[in-house]
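Structural overview for review
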Amino acid sequence: MTTGRPAPALASEARTAVTFVPRSGDRRIDGLLAGAGWVAAPGEAVTLAYAFPDAAETYPSPYSATDEPRRGFTPLSAAQRQAVREALGLWARVADLRFVETDEADGPALLRFAASAAVRTAQAYYPGHGAAAGDVWLSTSLPAADGYRPGSYEFFVLLHEIGHALGLEHPHEPGRLGATLPRALDHLGFSVMSYRPYPGADPNRPFRGEDFPATPMPGDIAAVRYLYGAAPVAAPGDTLYRFEPGRPIWRTLVDTDGIDTIDCSALPEPVRLDLRPGAWSVVGPPADTGGPAQKRTLAVAPGTVIENAIGTERGDRLIGNDADNRLEGRGGDDRLHGGAGDDVLVPGPGKDRLFGGPGLDVALFDGAAADFSIRIRGDRVIVHDLRPGSPEGRNRLQEVELLAFGDQIVALFGEAAAPPAGPAVSDVLASLLAGDGTAPPIWG
């Protein structure tokens, strides 16, 4: 079921910009810039105070042509305030922004959040010196208690309007800099500032889909980083991204610290998961846009490094990056691509294909070496589980240097290390192991 929700209202210009922000020279960024920022020069870190006014008298008079404070002013509810904090945290995660909540006792905050009957859906004001600069207004018609989970229309509205308050523009409007996004990028999958839920949609039509991005998207991240620089550390520590079934996973991952893992094992659908920075993946059900379904819903931001991935019980395709990856296929006929780095590839039941790529790569098996046969066919190695039911299947390997079994490691370094075609791995003795016949552990 779809709804005829309106698009977030146009953001009004502040009277005077704090700083004019010139074009970057990259249309993918310039098409999202409003031309003003809270900085003296692009790329500077900034701390911004924000507040939730409880009374219309907090705002000066005159205020704006719309005069939102004097037309049905309503403080935000506890649920709305918490959603604002979460949305601000997502923007701070991608750029060098620090948001500090204040009660305005020591002076007005730069970003203020409230509701007004004068607003159709929501609107915000760009950075500037005017009375309304940086303020975000929600319509009193929006729900006050429910609906603000990430991925909902209401949460998307908050992300969108905060983008305006930080200096971002709608990508279909030339604005002060006279730039627009290329039509192929002007959609919600690239920017939460877009009025197009899918490529080619009419920006003047209401949003009709049920699903919306839960985070700033790749275009937003590039533009806000141009304004304020990248966050020094995003998602510190080891992070486990576990995706549950039932809802689209429409978001961009930003993570620059720790050893991180994407776990798709609970999903009923096969995934096409690409860990390379800047890549898109098909993970979870398609997003309902009100038009063509958005299948590629999960993006990895440039500069983000995710080390490990766990697939589903279906036939998955997992693609690693330049880090040392661990890719676990689980069930189904999987394709695991290690990429650069020293990777650990873990096949499961089925007919899996493992591509190691550059680096020292390991295929990891649970059983003892005697439970498998190894055959060489050209540049490929075929490892077949001989146990009843073949619990680890029949696997084709390319550019994989080591086979790690439960009781030994078999090295496949060049022709001298390769076993002759045919015999089981039990016939491949310690002479095939690295070094002096023993191999140090190379994984945790």
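Whatever comes next refers back to the structure up there.
A few points on the structure. (Residues numbered from 1 in each chain as written. Predicted model: local features only at pLDDT ≥ 70, side-chain atom pairs only at ≥ 80, totals over all residues. Heavy atoms only, no water.)

1. Comments concerning the sheet that holds strand β16 (residues 326-328)
Where strands meet in a sheet, backbone hydrogen bonds hold them as pairs that are either parallel or antiparallel. Taken together, eight strands build an open sheet; the order of strands is β8-β10-β14-β16-β18-β20-β24-β25 and the sheet is mixed. In the strand order of this sheet, the two ends are held by β8 (240-242) and β25 (409-411), each with one partner. Mean inter-strand twist for the sheet, computed between neighbouring axes without regard to direction, equals 15°. Note: strand β20 (residues 362-364) against strand β24 (residues 402-404), three bridges, orientation parallel. (Pairing = 2+ DSSP bridges. Helix = DSSP H or I, 4+ residues; strand = E, 2+ residues; numbered from the N terminus. Axes fitted to C-alpha atoms, helices over the stretch in contact; angles between N-to-C directions.)

2. Here's the deal with the environment of D146
Mapped onto the secondary structure, D146 falls in the loop between β7 (136-139) and α3 (153-166). What makes D146 exposed here is its relative accessible area of 58%. Here the alpha-carbon distance between D146 and Q80, two residues 66 residues apart in the chain, equals 8.6 Å. (Buried < 20%, exposed > 50% of the residue type's maximum accessible area, 1.4 Å probe, protein only.)

3. Description of α3
The terminal C-alpha atoms of α3 lie 20 Å apart, and with 14 residues this matches the ideal 20 Å at 1.5 Å per residue to within 8%. α3 sits mainly inside the fold: 14 of its 14 residues count as buried. (Expected span 1.5 Å × (residues − 1).)

4. Quick look at the packing of aromatic side chains
According to the stated counting rule, one finds 17 aromatic pairs in the structure shown. Note on Y59 and Y63: the rings are 5.5 Å apart at their centroids and 80° apart in plane angle, and the pair reads as edge-to-face. Y63 gets classed as buried once you look at its relative accessible area, which sits at 2%. Between F365 and F405, the aromatic rings sit 5.4 Å apart at their centres with planes inclined by 20°, giving stacked as the arrangement. You can see F365 sitting in the loop between β20 and β21 (372-377) and its partner F405 sitting in the loop between β24 and β25, a full 40 residues away along the chain. In this structure, F365 and F405 share a single accessibility class: buried. (Phe/Tyr/Trp six-rings, centres within 6.5 Å; stacked < 30°, edge-to-face > 60°.)

5. Digging into helix α2 (residues 78-94)
In a regular helix each residue adds 1.5 Å, so 17 residues correspond to 24 Å; α2 covers 25 Å between its end C-alpha atoms and thus fits that length. Looking at the buried side of α2, the elements it contacts are β3 (46-51), β4 (97-101), β5 (111-116), β7, α3 and α4 (218-228). (Contact = heavy atoms within 4.5 Å.)

6. Here we look at the pairing of strand β19 (residues 351-355)
Sheet topology note: the strand β17 (residues 335-337)/β19 ladder contains three bridges and is parallel. Its bridge partner being in β19, L336 is matched across the sheet by L354. Sheet topology places β19 next to strand β23 (residues 394-398); five bridges connect them, and they run parallel. Within β23, the position partnered with K351 by the bridge is R394.

7. Description of the sheet that holds strand β13 (residues 298-300)
Strand order in the open sheet formed by three strands is β9-β13-β12, and the pairing between neighbours is mixed. Two strands bound the open sheet, and with one partner strand each, they are β9 (251-253) and β12 (280-281). Relative to β13, β9 runs parallel, the two sharing three bridges. Residue pairing across strands places L253 opposite V300, the latter belonging to β13.

8. Focus: the nonpolar core
Buried together is how nonpolar side chains tend to be arranged in soluble globular proteins. W91, F113 and Y228 are the most contacted members of the largest nonpolar core, which has 61 residues in total. Every element with two or more residues in this core is listed here: β3, α2, β4, β5, β6 (122-124), β7, α3 and α4. In terms of residues, this core owes the most to one element, α3, which gives nine residues. If you look at the next biggest cluster of nonpolar residues, it comprises 33 residues, including Y241, I306, I374 and V383. (Core = buried A, V, L, I, M, F, W, Y, C linked by side-chain atoms within 4.5 Å.)

9. A look at the packing of α2 against α3
When two helices pack together, their arrangement is captured by the angle between the axes and the distance separating the axes. Where α2 contacts α3, the axes come no closer than 10 Å and their chain directions differ by 55°. In terms of axis orientation, α2 runs oblique to α3. You can see that α2 and α3 cross each other, and the crossing is right-handed. Contact residues: α2 offers A83, V84, E86, A87, L88, L90 and W91, while α3 offers F155, L158, L159, I162, G163 and L166. (Parallel < 35°, antiparallel > 145°, perpendicular 65-115°, else oblique. Left-handed = near helix turned anticlockwise from the far one by under 90°.)

10. What about the pattern of salt bridges?
Throughout the structure, instances matching the rule amount to 11 salt bridges. A salt bridge links R196 to D186; its shortest N-O distance comes to 2.8 Å. Residue R196 is found in the loop between α3 and α4, and its partner D186 is found in the loop between α3 and α4; the two are separated by 10 residues along the sequence. Take R196 and D186: they sit in the same class, and that class is buried. Across the pair E328 and R330 runs a salt bridge whose closest N-O atoms are separated by 2.7 Å. (Salt bridge = Lys/Arg side-chain N within 4 Å of Asp/Glu carboxyl O.)

11. Topic: the environment of A79
If you trace the backbone, A79 turns up in helix α2. Residues A79 and A144 lie 65 residues apart in sequence; the distance between their C-alpha atoms is 6.9 Å. Other than its neighbours up to four places away in sequence, A79 contacts A144 and A145.

12. What about the pairing of β5?
Counting buried positions along β5 yields six of six residues, so the element is predominantly enclosed. Every second residue of β5 is oriented toward a common face, with L111, F113 and A115 on one face and R112, A114 and S116 on the other, all of them buried. Pairing geometry for β5 and β7, over four bridges, is parallel. The residue of β7 that forms the bridge with A114 is W137.

13. Description of unusual backbone geometry
In this chain, S61 is followed by P62 through a cis amide linkage whose omega measures 5°. As for its placement among the helices and strands, P62 is situated in the loop between β3 and α2. For A235, which is not a glycine, the phi torsion comes out positive at approximately 55°. According to the relative accessible area criterion, A235 is buried, its value standing at 12%. One non-glycine residue with positive phi stands out, namely S390, at about 45°. Turning to its location among the elements, S390 is positioned in the loop between β22 (380-385) and β23. Given the relative accessible area of 19%, S390 is considered buried.

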